[in-house]
Amino acid sequence: MSEVKLAAETRTEFGKGAARRIRRESKVPAVVYGHGGEPVHITLPGHELQLALRTPNVLLTLDIEGKSQLAIPKAVQRDAIKGFLEHVDLLLVTRGEKVNVEVPVHTEGDLAPGAFILEHVLSTLTVEAEATHIPESVTVSIQGLEAGASILAKDIELPEGTTLSIDEDAVVLQVLAAQSEEPSDDAADESAEA
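Now for a description of the structure that goes with this document. Keep in mind that this is a model prediction, so the values were computed, not measured.

What counts and what doesn't
Residues numbered from 1 in each chain as written. Predicted model: local features only at pLDDT ≥ 70, side-chain atom pairs only at ≥ 80, totals over all residues. Heavy atoms only, no water. Pairing = 2+ DSSP bridges. Helix = DSSP H or I, 4+ residues; strand = E, 2+ residues; numbered from the N terminus. Axes fitted to C-alpha atoms, helices over the stretch in contact; angles between N-to-C directions.

This part is about the pairing of strand β13 (residues 171-177). Two faces make up the sheet, and in a regular strand the side chains alternate between them. In this structure, strand β8 (residues 116-120) lies alongside β13, joined through five bridges in antiparallel fashion. Across the sheet, residue E119 finds its bridge partner in β13, namely Q174. In this structure, strand β11 (residues 150-152) lies alongside β13, joined through three bridges in antiparallel fashion. The residue bridging S150 from the neighbouring strand is Q174, located in β13.

What follows is the structure, encoded as structure tokens:
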């Protein structure tokens, strides 16, 4: 799990105008909440935050007015067209604390020879893990699977200290037979007449 340190500044201005001014300075407005405390409104350096958020469930060490706090991203708002960060919600965590997060599911290997399609029923898996040991992803082998095969949540090997937070019988991946398009009756009649 990667950990990134960011310098944060508290903010007192709120609303669209204040958020626009913050973004013009290449910073991102954010809010930090959790552990029963009052939410803290902060600004974070835009470029460093953008790089940090490339890693799913990154652990952020925030330096807020000389006080160091751990947080994980809970909600990230991006501009729909340009993709820049508009706002980030961060959840305070402590070392040893268990949190529920969504972890991307990756596959490795090849399906059995033939016309098969792999359907990702769930692209992420909700797991409970210690806040400082959140897995970046889980990898599932699909080597040699044929149509009708499915992989359930309980079939996925999780890193030590990580447990499922969803129904263990939930289908994560399934293999389907590719549908071939059969010629219509009209096309069959036309080829018979020719």
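What follows picks up the thread again.
This part covers the sheet that holds strand β5 (residues 67-78). Taken together, six strands build a closed barrel; the order of strands is β1-β3-β2-β6-β5-β4 and the barrel is mixed. Each strand of the sheet is rotated relative to its neighbour by a mean of 45°, with strand direction disregarded. Pairing of strand β4 (residues 59-64) with β5 involves five bridges; the strand directions are antiparallel. Bridge assignment links L62 to a residue of β5, and that residue is Q69.

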